[in-house]
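Observations on chain architecture
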Amino acid sequence: MKRFFTVTLVVFLFTSCADEVLKRADESNVINISASVANSTRVSTDIRNLESFQLYGLHNGSDMLMDKVVVSRDEMESSTGWSYSPVTYWPRKGSINFFAVGDAPYGGGEHFASDFFYSRDKGAYLTYAALDNDGDGMVKGVYDVTYAVNLEEATRNIPVQISFRHATSQLVFQFRNNIPNLQIFVEDIRIENIKGAGCYTLPSSTTSVDNNSVKGGWNLDYFAGTEFDRLVTYDVDIKASSDNWLALPSGGNTIRYPKVMASTEVSIGDKTIVDDGYVNIVPQPINPWDSENDPTNQNNGSLFLLKIKIMDGETCIWPRFEAGIKGADVGTDWIAVPTKHAFIKEWHEGRRYIYTFIFNKGVGGLIPPTDKIEPGQPVLVPGIKVDKDVSVLPLQ
C-alpha cells in the first residue's frame, strides 16, 4: 500500500510539472499585440482614443488564423496595453500576414459603413461609404478610417507592433475678414458634390513606424451602379448655430480652425474624449464648380457653401431682404465658394487641408448655383470677394 501511494505521488508530481511547463510554453507562444497611430489627431483616430480595432491574420497568406478578432485597450491586464480573447498562438511553421482596421471612437460608426475583405487575387481591401443616418440629406465626416499591415511575421516572444495609417483626407476651415468696418457672421459650412464612398486597397508592404511612405490606393468606382454611387453633401460642424453665429471681426486677423471647428467632450467611462469636428472625406481628385462657364453647375462641380450675414453698421449687405425689414432683423443666407485652387488638384490620404476663407473688397461673392435666380436679380453678393488660401500638412 505504501509503495502504491509513492508511485501515485510521483506520477502526480510529474503530471503537475509537465502541465506547468506546457502552460509556460503556451504563454510564451501567445501572439501579443501592441499598437500605435502615426501622425494622429483626436477624434480623427489616435492612440489616445483608439479603444479597439479588428485584427485579421492569414497563415502562409491563405488560411485565416485570426478572423475579425477584436483587440481592445487593456492597460491593467496586459503589459502591451492591448488584449484579446481567446488568445491565438504562433503556428509551428510558416508566417502570418496581419491586417488591422481601427474601430470608430466611442462606437461612433453610425455615420459610415465599412467592411474588410481579402482574396488571393485582390489582396486585402476596405469598402467605405458615408451614411445619411440623420435623415437630413447630408453626411458627416467626423470619423477617421485607419488601417495597418504587418507582413510575414513569424514566431517571436515580443509583441507584434501594429502601426496604423490614415486612409482618409481631412479638411478644416479658418476665416479672415480684411474689409474695414464690415461685420461678418457665419452660421454654417457645407461641402457639396464630392464622392462619399469607395474601396481602399491596403498596401502590399508593412506599415512600420519608420516608413511613412507605405500607402494603399482608393478606387472611387467600386460602388458604380449602386446606391452609394452618388455625390454627397458634407455638413461641417462649427462653433456656431442659428442663434449663436461666429463673428468675424475686421482687421485682417485669422480665426484659426481650432476656434472655428466644433469641439465637444464625450465621456466614456472614466475617460473624456474630445470630438474635434474635423471633416474626414474619401481622398479624390477635385472637380470644382466652374462658376464662369457653368453658372448653374450642370456638371455637378464641387463647392463650399458658407451661410453668412454681412453688416455695414446698421445696413445689411447680405442676405437680400424685402423693403421695410431692418437689416439687423435679417438672418443668414448661403454664398458659394468653388473648390478650385491653383495648386490643390486632389485631396490625398493622410493629409490635412487647412482652408482659409478671406473676405476682401471686390465685385461680388457668388450666390449658390442651386438658388432660383429671378430675372433682374444679381448673381453676386455685392461689395465682397471671397478668396481662399490652402495649406497642407500631414495628419497630426
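Here, every reference points to the structure presented above.
The structure reproduced in this document is the subject of the present report. These figures come from a predicted structure and were not determined experimentally. (Residues numbered from 1 in each chain as written. Predicted model: local features only at pLDDT ≥ 70, side-chain atom pairs only at ≥ 80, totals over all residues. Heavy atoms only, no water.)

1. Observations regarding unusual backbone geometry
A cis amide bond links Ser85 with the next residue in sequence, Pro86, at an omega value of -5 degrees. Following the sequence through the fold, Pro86 ends up in the loop between strand 4 (82-83) and strand 5 (96-102). Cis geometry is found at the peptide bond from Trp318 to Pro319, where omega equals 10 degrees. In this fold, Pro319 is placed in the loop between strand 22 (315-318) and strand 23 (333-338). A positive phi angle is found at Asn300, which is not glycine, with a value near 55 degrees. Mapped onto the elements, Asn300 comes out in the loop between strand 20 (284-285) and strand 21 (303-312). Here Asn300 falls in the partly exposed class, since its relative accessible area comes to 40%. (Helix = DSSP H or I, 4+ residues; strand = E, 2+ residues; numbered from the N terminus. Buried < 20%, exposed > 50% of the residue type's maximum accessible area, 1.4 Å probe, protein only.)

2. Some points on the sheet that holds strand 7 (residues 123-130)
Pairing within the open sheet is antiparallel, and its four strands lie in the order 6-7-12-13. A strand with exactly one partner marks an edge of an open sheet, and here the two such strands are strand 6 (112-119) and strand 13 (217-219). Adjacent strand axes in the sheet meet at a mean angle of 25 degrees when their direction is disregarded. Pairing of strand 7 with strand 12 (residues 197-201) involves five bridges; the strand directions are antiparallel. Paired with Leu126 across the bridge in strand 12 is Tyr200. (Pairing = 2+ DSSP bridges. Axes fitted to C-alpha atoms, helices over the stretch in contact; angles between N-to-C directions.)

3. Some words on the environment of Asp243
Along the chain, the position of Asp243 falls in the loop between strand 14 (231-236) and strand 15 (246-248). Owing to a relative accessible area of 68%, Asp243 belongs among the exposed residues under this scheme. Placed 88 residues apart in sequence, Asp243 and Gly331 show a C-alpha to C-alpha distance of 9.3 Å. For Asp243, the side chain forms a polar contact with the side chain of Ser241, separated by 2.8 Å. (Polar contact = N/O pair within 3.5 Å; in protein donor to acceptor, adjacent residues only side chain to side chain.)

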